[in-house]
Every structure is written in C-alpha cells, then in structure tokens.
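# Results of the structural survey
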Amino acid sequence: MIRVLDREALIAAGVGIGVAVTVGVSFLLVIPIEPVYWYLTIPSGLLIGYYANQRAGRRGGAWGRILANSLAAGAITGLTFALLLLAVKALFFTADNGYPDFNRTDENGVTIPPLCTPGADCVHRRYLAAGRASDLAAAGIVDAESFARFYWANQLSTSGLLLVFATAGGVGGGILYRLANRTPGSRADAMVGRAV
C-alpha cells in the first residue's frame, strides 16, 4: 500500500485543531470579534501547512507528498474553524431568550412586553429593533422562519469560506516549505535534527 500522507502530517493536523480551538475560544467567546477569527484562518493554514512538512522532515522532497501533507493538515484545520463557527452560532442562536430587550419581568415576576419566542424569533426581533427591517424586507425576510433560513445560509457560506481559506493557506504553507527547503536531505537526518 502506498501512503499518500506522512503520519507526521496528521499529527500536525492535530496541532491545527488545537490552533483553531484556541482562536475560536479567544475570538468567538472570550473577546467576540468575529472578523478577527475569519482573518486568522489564512495564517493558521499557512503555519500548519508548513509545519506538516517540517514535522515530516520533507527537506527537498517530492512536491506531491509535500502538497498532500499540507493540503490534509490545512483542510482539517479549516474544517475545525468552520465547525467551531457553526457550533458557536448555533449555541447563541438557539439560546437567545431576548433578554434584556424582550421577555423581561418586573419585581413581581410579571412579564413585561415586548415578547419573543426564544431562538429564531428573538434573534429576528433583535435585528428588527436594530433598524434592519428594510434590509430584511429587501431580502424577502418576513418572519422568524424565513429569517432562520437566511441566517443559516449566511453562516454556512461563511463557514465554507473559512474551510477554503484555511485549506488554501495550508497549501501555501507547503509551497513555502518546499521553496525554503530545496536542499535534499534524508528524512532520518531531519528527524534527528527535530529531536535535538
């Protein structure tokens, strides 16, 4: 059986999963600045694509194996970025109970209008309250159900782009690795160098 990937490239992909989780926790949960999360997919892919071949000791190696290593590591990293974004969005979308703008209660526990149903309805009403009614109407969004379809289509599109960008970054990292390591060397030498 001919292996397409080096085992070390899969270990590097595991590191890529860790990078994506760290970036996700940092910029989706702790300091929620989603565009930073998007922008970090490319350099993360570059680093993991480069690292996959560095870890495998592919000095001056064949382009095909280098690109396969970096493609796999970048794709796994990108898939993690995409799934994390969707998971965080699903968590906040489904758990939105409208507070503090909706579904409030007074000191006696009596519900104070305006009201919304937790989930898509509350998120939709937040967009309306923020003055986005004309934008939503122009997109054909008339209720919580059509809003949910629109919202998730956008989230899936964004997640797909994250997957593509991290994967492309991984391939770019492999190309950079090959260009920076043109001198042939044995994998055993590279492994000994890495262990030191």
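For the structure itself, consult the block above.
So, here is what we can say about the structure in this document. The structure displayed is predicted, hence computed values, not measured ones. (Residues numbered from 1 in each chain as written. Predicted model: local features only at pLDDT ≥ 70, side-chain atom pairs only at ≥ 80, totals over all residues. Heavy atoms only, no water.)

With that out of the way, let us pick up helix H5 (residues 120-129). For an α-helix the count is 3.6 residues per turn, leaving residues at separations of three or four pointing the same way. Every buried residue belonging to H5 is among Asp-121, Cys-122, Val-123 and His-124, and all of these are buried. Where H5 is buried, its residues touch helix H4 (63-95), helix H6 (133-138) and helix H7 (144-180). Downstream of H5 by one or two residues, Gly-131 has phi in the positive range, about 85°. (Buried < 20%, exposed > 50% of the residue type's maximum accessible area, 1.4 Å probe, protein only. Helix = DSSP H or I, 4+ residues; strand = E, 2+ residues; numbered from the N terminus. Contact = heavy atoms within 4.5 Å.)

On to a nonpolar patch on the surface, then. A surface patch of nonpolar side chains, amounting to about 920 Å² of accessible area, comprises Leu-10, Ile-17, Val-21, Val-25, Leu-29, Val-30, Ile-31, Ile-33, Ile-76, Leu-91 and Phe-92. Those elements that provide at least two residues to the nonpolar patch are helix H1 (7-30) and H4. Among the elements that take part in the nonpolar patch, H1 stands out by supplying six residues, more than any other. When you line up the elements, Val-21 lands in helix H1. Judged by relative accessible area, Val-21 falls into the partly exposed class, the value being 36%. (Patch = residues over 30% accessible without salt bridge, like charges linked within 9 Å, V, L, I, M, F, W, Y side chains within 5 Å. Areas by Shrake-Rupley, 256 points an atom, 1.4 Å probe, with all protein chains shown as cover. Salt bridge = Lys/Arg side-chain N within 4 Å of Asp/Glu carboxyl O.)

Tallied over the full model, the rule gives eight aromatic pairs. Arranged with centres 5.2 Å apart and planes meeting at 55°, the rings of Tyr-37 and Phe-81 form a pair that is tilted. With Tyr-37 in helix H2 (residues 34-39) and Phe-81 in helix H4, this pair connects stretches of sequence that are 44 residues apart. Residue class for Tyr-37 comes out buried when judged on its relative accessible area of 0%. When the ring of Phe-93 is compared with that of Phe-147, the centres are 6.5 Å apart and the planes differ by 15°; the resulting orientation is stacked. Taken together, the residues span a long stretch of sequence, with Phe-93 in helix H4 and Phe-147 in helix H7 at a distance of 54 residues. A relative accessible area of 6% means that Phe-93 is categorised as buried. (Phe/Tyr/Trp six-rings, centres within 6.5 Å; stacked < 30°, edge-to-face > 60°.)

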